[in-house]
Amino acid sequence: MPLEDELIARGVWPLCGVDEAGRGPLAGPVVAAAVIMEPSSALRSSVKDSKQLTAARREKLYEMLVSSDDVRFGTSIVEAPAIDAMNILKATLMAMEEAVGRLRITPSAALVDGNAAPAVACRCYTVVKGDQTEPSISAASIIAKVTRDRIMARMEEIYPGYGFARHKGYPTKDHYEAIHRLGACPIHRRSFKGVS
């Protein structure tokens, strides 16, 4: 049984799931999302880890999540200069903290994907690979991933030639070749190996 279900059965509510997208890329922001899904929501059985879904399925689930009356969510975006200034772990935790703070309902507890907990004003449970087992974390992973992918598609138009719409800023061979050819652009993370 997912930890989320156990906590709800014990009366821990509201409960939010928290996840991020974009820790590993060489460019662009890290995005975090926090999601509260009603225990009765039909979406709980539909969501999965965003990495296990096709882009089209992620987009469809994203639209279903953000338009559902059963779902409350908050997001936060931390840009590349801030990542360089504080390091990716601190930037990720800051984004998670901000995402939880942007929920319209204050959660009694947060389930966070991974093993590091952000400084949130509620009980916090870290769950390694929680995006695969906890529905609200899966929902957060979808919202964070689609939000970030859409940002990177826009960055392709602003900074053409890097292939951001294709690789989303991740360290691919094509991306390294583009950096070598064009140099780093303003959304590159200068503190990351292979960028500067």
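Conventions we followed
Residues numbered from 1 in each chain as written. Predicted model: local features only at pLDDT ≥ 70, side-chain atom pairs only at ≥ 80, totals over all residues. Heavy atoms only, no water. Helix = DSSP H or I, 4+ residues; strand = E, 2+ residues; numbered from the N terminus. Buried < 20%, exposed > 50% of the residue type's maximum accessible area, 1.4 Å probe, protein only. Contact = heavy atoms within 4.5 Å. 1 Å grid on protein atoms, 1.4 Å probe; cavity = no way out; pocket = protein on both sides within 12 Å on 5 of 7 lines; lining within 4 Å. Points joined across faces, edges and corners; volume = space filled by probe spheres on them. Expected span 1.5 Å × (residues − 1). Polar contact = N/O pair within 3.5 Å; in protein donor to acceptor, adjacent residues only side chain to side chain.

Engineer: For this particular structure, what's the right way to read the environment of I151?
Structural biologist: Note that I151 resides in helix α5 (residues 135-158). On the basis of relative accessibility, which here comes to 9%, the residue I151 falls in the buried class. Put simply, I151 and K168 are 17 residues apart on the chain and 8.8 Å apart in space, counted from C-alpha to C-alpha. Contacts of I151, omitting those with residues within four sequence positions, involve P29, V31 and I77.

Engineer: Whenever I open this one, the layout of surface pockets confuses me. Can you help?
Structural biologist: By rolling a water-sized probe across the atoms, one finds the places where empty space is left. Estimates place the volume of the largest pocket at around 170 Å³. As for the largest pocket, its lining consists of 13 residues, of which E20, A21, S50, K51 and Y170 are closest to the centre. For the lining of the largest pocket, the secondary-structure elements that each account for two or more residues are β1 (15-21) and α5. Of the residues forming the lining of the largest pocket, the biggest block, three residues, is contributed by β1.

Engineer: Which parts of the structure should I look at to understand unusual backbone geometry?
Structural biologist: Cis geometry is adopted by the peptide bond preceding P14, which originates at W13 and carries an omega value of 0°. Relative to the elements of secondary structure, P14 occurs in the loop between α1 (3-9) and β1. With phi around 90°, N87 is a residue other than glycine that occupies positive phi space. Along the chain, N87 falls in the loop between α3 (80-86) and α4 (88-101). For N87, a relative accessible area of 35% puts it in the partly exposed group. We note that K168 has phi near 60°; this positive angle belongs to a residue other than glycine. Of note, K168 is situated in the loop between α6 (164-167) and α7 (173-182).

Engineer: It is not clear to me how α4 should be interpreted in this structure. Could you clarify?
Structural biologist: Turn by turn, an α-helix covers 3.6 residues, leaving residues three or four places apart pointing in a common direction. Between its first and last C-alpha, α4 extends 20 Å over 14 residues, near the 20 Å set by a 1.5 Å rise per residue. Within the span of α4, buried status applies to I88, A91, T92, A95, M96, A99 and V100. Tucked inside the fold, the buried residues of α4 contact β1, β2 (30-37), β3 (71-78), α3 and β4 (109-113). Regarding α4, its N-cap is N87, as a side-chain oxygen of that residue lies 3.0 Å from the backbone nitrogen of L89 further along.

Treat this as a map of the structure, not an account of what it does.
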